[in-house]
Amino acid sequence: MKRRHLLTCGAAATLALSSTLALAQPKVTRIIVPYAPGGPIDVTARLLAERVKDTLGTVIIENRPGGGGNIGADLVAKAPPDGLTIGISAVATHAINPWLYSKMPYNAATDFAPITQMVRVPNVLVMNADTAKRLNINSLADLIKYAKANPAKLNYASGGNGSAGHLAGEMFKKEAGIFALHIPYSGGSPAQLALLSGLVDFNFDNLATASSNIKSGKLKALAVTTAKRSAILPDVPAVAETLKGFEIDTWWGLVAPAATPKDVVAKLNQAFVAALHSPEAKTRFATLMAEPVASTPEQFGAFMKSELGKYEKVVKASGARVD
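Residues numbered from 1 in each chain as written. Predicted model: local features only at pLDDT ≥ 70, side-chain atom pairs only at ≥ 80, totals over all residues. Heavy atoms only, no water.

This brings us to the side chain of Asp201. Its place among the elements puts Asp201 in the loop between helix H9 (188-196) and strand E8 (202-206). Buried charge without a salt bridge: Asp201, with Arg134 as the nearest opposite-charge side chain at an N-O distance of 5.0 Å. Of the polar contacts made by the side chain of Asp201, one reaches the backbone nitrogen of Asn155; its length is 2.9 Å. Not counting the four nearest positions on each side in its chain, Asp201 is found in contact with Val126, Met127, Asn128, Thr131, Lys153, Leu154, Asn155 and Leu195. (Helix = DSSP H or I, 4+ residues; strand = E, 2+ residues; numbered from the N terminus. Buried < 20%, exposed > 50% of the residue type's maximum accessible area, 1.4 Å probe, protein only. Lys, Arg positive; Asp, Glu negative; His and termini not counted. Salt bridge = Lys/Arg side-chain N within 4 Å of Asp/Glu carboxyl O. Polar contact = N/O pair within 3.5 Å; in protein donor to acceptor, adjacent residues only side chain to side chain. Contact = heavy atoms within 4.5 Å.)

If you trace the 5 strands from one edge of the open sheet to the other, you get E7-E6-E8-E5-E9, paired in mixed fashion. The open sheet is flanked by strand E7 (181-184) and strand E9 (219-224), the only strands paired with a single partner. Between one strand axis and the next, the sheet turns by 30° as a mean value, whatever way the strands run. In this sheet, E8 lies alongside strand E5 (residues 123-128) in antiparallel orientation, the contact comprising 5 bridges. Bridging from a neighbouring strand, Val124 pairs with Asp205 of E8. Packed on one face of the sheet, helix H8 (residues 164-176) meets E5, strand E6 (155-158), E7 and E8 and runs near 150° to E6. Across the sheet, helix H10 (residues 207-215) is in contact with E5, E8 and E9; its angle to E8 comes to roughly 120°. (Pairing = 2+ DSSP bridges. Axes fitted to C-alpha atoms, helices over the stretch in contact; angles between N-to-C directions.)

Ranked by size, the top nonpolar core spans 46 residues in total, and within it Leu125, Leu140, Leu143, Phe172, Phe202 and Tyr311 carry the most contacts. Apart from residues lying up to four places away in sequence, Phe172 is in contact with Leu125, Leu140, Leu143, Ile144, Ile178, Phe202, Phe204, Leu243 and Phe246. With 32 residues, the next largest nonpolar core counts Ile41, Leu47, Val121 and Ala271 among its residues. (Core = buried A, V, L, I, M, F, W, Y, C linked by side-chain atoms within 4.5 Å.)

Next up on the list: the packing of helix H11 (residues 262-277) against helix H12 (residues 279-287). Axis separation between H11 and H12 bottoms out at 5 Å; the angle between their running directions is 60°. In contact with Ala275, Leu276 and His277 of H11, H12 contributes Pro279, Ala281, Lys282 and Phe285. Looking at the contact of H11 with H12, its residues break down into 5 nonpolar, 1 polar and 1 charged. (Nonpolar A, V, L, I, M, F, W, Y, C, P; charged D, E, K, R; others polar.)

Moving on, we come to H9. Within H9 the residues assigned to the buried category are Ala191, Gln192, Ala194 and Leu195. The arc that holds the buried residues of H9, viewed along the axis, is 155°, so those residues lie on one side. H9 presents Ser189 and Leu193 as exposed residues on the side facing more than 90 degrees away from its buried surface. Against the buried residues of H9 lie E5, E6, E8, H10 and E9. Looking one or two places after H9, you find Gly198, whose phi comes out positive at around 80°. (Arc of directions from axis to C-beta.)

Treat this as a map of the structure, not an account of what it does.
Given below as C-alpha cells:
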C-alpha cells in the first residue's frame, strides 16, 4: 500500500509539473500567408513579425499557398479565435476571389475579424517603351486616342483570367470606351516578359514589379491607378486625372477568425500599427515600392466591404470565372 501511495503521489507530482510547464510555455502567434515565400506579401509579413515580437512575443510565418490564396485564408477563417492564429487578407482573397470562384471555402464578408490594413502598392499602366515611341504615345490621353482611332489593334497582358491586372484592364477599357484584346499568361512574370519582348502593347502591373524596368527605360509609365499620384512616381499622373473616379490598386492587411474577442483584436491592432509606423518598416516598404497603411479594425473592415462590392461589378463585367 505504501509503495502504491508513493507511486500515486509521484504521478500526481509529475502531472502537476507538466501542467506548470505547459502554462509556462510562451505563446506563439502564427501569421498565415496564403502565398509562397519570397513575394512582397511574404516579405512585409516577416518584417512586421520581427517588429512586434517585443509586444506579442514569438511570431512565426506559415506559408500556405494554393487556390489563388483561398487555402491559406480558409485556414485563418477556421482557426481557434484566440488571437494566436491570424493571417493575411488581400485584394485577391477578400475582394476578387469571392466573385471569381464558383465555390468558396469561406465567406469573405463574415468569417474574419479585421485587424489593420498593412500596405497599399500602386498599380501602374505601362507600355513597352519602343512600342510607345513607334506609335507616338506619350500619355494616357494619347493611348486612348490611338485605341479609338485604331479599334482592335492594341492588346494587353495579365497574369491570368481574373487577376488584378486583367480586371484593371477591363475596368480601363470600359471607362475609356475602347477595346484592347486581353492576353492572359500563367503569372505576372510571363506577362511582364511578353511586354518587355514587345509581344503585347501594355499592361497593368504593380509598381513593385515594374519599377526597375521603368527606371531603366524599357517600360514607359503612363499612369498610376491610385486615386491620386503616388509619392514614389510623382511625375506620373493618376488615371483618375483623365478618367474621373478610376481607382484600383493592390493591398493587403491582417485578419483574425470572426469570433476573436474585441480586446484581443485591439491588442493585435495596437502592436501592428506601431510596427507599421516604425522608421524601419517605412524604409523597407519604400524599397518594395509599397506604402504602409495603418488603420483601425473598423476602418479596415469598412474598406474591405467596399472593395468586395467594387470587384463584384468588375469581375462580373469581365466574365472571368474559375470553376
